[in-house]
Amino acid sequence: RYLFSLALLLTVAAHAATAQTDARLKTAVQLAAEGLPDSATAIVNGLLAVTPVSDPLYPEILYTQGSIARTTTEMQRSFQKVAVEYPNSPWADDALLRLAQMDFAARNYAGTVRGVEQIRGNDPSSPLIPAAAYWAARAEFEQGRTAEGCAWITRGLASESADVEAKNRLEFLQGRCTGTPDSGAVTAPGPAAP
């Protein structure tokens, strides 16, 4: 059940991540999506073997390795390596977002929020802030922390990188921040009926 939930979460959120820039890595991702994980893994492992760890392509290869991994342990290992060893890479925030989503799927809601906080701390203007805010808000709501969840929604909606889809998802959650889903204010109870 956890693997199914995780796969669903990562599939839904994949569009938020940066697309691979290297044609070989794009091919690996496509092969994995077409049900050919061994071929995809062979491409990625081949690139890891010949690419120096100092090459800017290396964190992208690691991120792709996590994206096509067959187990959650392999995914976590690759994404953590990108986030920890290559924090200045354009792939670091993508890896942190994936790790936060994995924490959410595992019901580690505090871990989800910590991961998203790290994205925001690394780069408050990251284009991933709207997607990250969505997951942080959901995690806060799961912990019964409505005010914190609503604050994340506000941050996500305020981000310049929030596209229509991200705004729609955040605005849907925003219904939990008011007294009623379709009104911006809580109405006071009227007088009692005689």
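Please read these numbers as outputs of a predicted model, since none were measured by experiment. All residue numbers here refer to positions counted from 1 along the written sequence of the relevant chain. Note on the predicted model: pLDDT of at least 70 is required for a residue's local features to be given, and 80 or more for side-chain atom pairs to be given and counted; whole-chain, interface and lining totals, by contrast, use all residues. The basis for the side-chain values is all heavy atoms of the structure; hydrogens and waters are excluded.

## A closer look at the pattern of salt bridges
Working step 1: One side-chain nitrogen of Lys or Arg within 4 Å of one carboxyl oxygen of Asp or Glu is enough to make a salt bridge. Scanning the entire structure with this criterion turns up five salt bridges.
Working step 2: Here Asp22 makes a salt bridge to Arg24, at a shortest N to O gap of 2.8 Å.
Working step 3: The buried label goes to any residue with under 20% of its type's maximum accessible area, the exposed label to any with over 50%, and the partly exposed label to all in between, with areas taken from a 1.4 Å probe on protein chains only. The exposure class assigned to Asp22 is buried, which follows from its relative accessible area of 14%.
Working step 4: For Arg24, a relative accessible area of 43% translates into the label partly exposed.
Working step 5: For Glu117, the salt bridge identified is with Arg120, shortest N-O distance 3.8 Å. Remark: Arg120 and Glu117 occur in helix H7 (residues 109–122); sequence separation between them is three residues, near one turn of the helix.
Working step 6: For Glu117, a relative accessible area of 35% corresponds to the partly exposed category.
Working step 7: Taken together, the salt bridges that share partners define one network made up of Glu140, Arg145 and Glu148. Think of it this way: any DSSP run of H or I at least four residues long counts as a helix, any run of E at least two long counts as a strand, and we number them from the N terminus.

## Things to note about the state of the cysteines
Working step 1: In this description, a disulfide is simply a cysteine sulfur pair whose atoms lie within 2.5 Å. Inspection of every chain in the model, using the stated rule, returns one disulfide.
Working step 2: Across the disulfide from Cys150 sits Cys177; the S-S distance is 2.0 Å. Across the S-S bond of Cys150 and Cys177 the torsion is about -110°, and the bridge reads as left-handed. Placement of the pair is Cys150 in helix H9 (residues 146–158) and Cys177 in the segment after helix H10 (164–174), with a sequence separation of 27 residues.
Working step 3: For Cys177, a relative accessible area of 29% corresponds to the partly exposed category.

## Here's the deal with the packing of helix H5 (residues 72–85) against helix H6 (residues 92–105)
Working step 1: Think of each axis as a best-fit line through the C-alpha atoms, taken over the contacting stretch in the case of a helix, with angles from 0 to 180 degrees between the N-to-C directions. One can describe the packing of H5 onto H6 by two numbers: an axis separation of 8 Å at closest approach and a directional angle of 145°. For the crossing formed where H5 meets H6, the hand is left-handed. Contacts between H5 and H6 involve Thr72, Met75, Gln76, Phe79, Gln80, Val82 and Ala83 from the first element and Ala92, Ala95, Leu96, Arg98, Leu99 and Met102 from the second. Left-handed describes a crossing whose near helix is turned anticlockwise from the far helix through less than a right angle; right-handed describes the clockwise counterpart. Here, two residues are considered to be in contact whenever any of their heavy atoms come within 4.5 Å of each other.

## Remarks on H9
Working step 1: By definition here, a helix of n residues has an expected span of 1.5 Å times n minus one. Taking 1.5 Å per residue as the helical rise, H9 with its 13 residues ought to reach 18 Å, and the 18 Å between its terminal C-alpha atoms agrees with that figure.
Working step 2: If you check which residues of H9 are buried, you get Gly149, Cys150, Trp152, Ile153 and Gly156. Angularly, the buried residues of H9 cover 155° about the axis, an arc narrow enough to put them on a single face. For H9, exposure combined with an orientation more than 90 degrees from the buried face picks out Ala147 and Ala158.
Working step 3: Residues of H9 that are buried make contact with H7, helix H8 (129–142) and H10. Throughout, the arc means the angular range of directions from the helix axis out to the C-beta atoms.

## Considerations on the packing of aromatic side chains
Working step 1: Aromatic pairs are defined between Phe, Tyr and Trp rings, using the six-membered ring for Trp, whenever the two ring centres lie within 6.5 Å; interplanar angles under 30 degrees are classed as stacked, those over 60 as edge-to-face, and all others as tilted. Scanning all chains against the criterion turns up six aromatic pairs.
Working step 2: Ring geometry for Tyr63 versus Phe79: centroids 5.3 Å apart, planes at 40°, classification tilted. Of the two residues, Tyr63 sits in helix H4 (residues 57–68) while Phe79 sits in helix H5, which places them 16 residues apart along the sequence. The exposure classification of Tyr63 matches that of Phe79, with both residues buried.
Working step 3: Among the aromatic residues, those joined into a cluster by ring pairs are Phe104, Tyr109, Tyr134 and Trp135.
Working step 4: Over a ring means this: the NZ of a Lys or the CZ of an Arg is within 6 Å of the ring centre and within 35 degrees of the ring normal. Directly above the ring of Trp152 sits Arg155, whose terminal nitrogen or CZ lies 4.5 Å from the centroid.
Working step 5: Over the ring of Tyr134 we find Arg169, and its NZ or CZ is 3.9 Å from the ring centre.

## Examining unusual backbone geometry
Phi is mostly negative for residues that are not glycine, and the peptide bonds are mostly trans.
Working step 1: Residues other than glycine seldom take positive phi values, yet Arg107 does so here, at roughly 65°.
Working step 2: In this structure, Arg107 sits in the loop between H6 and H7.

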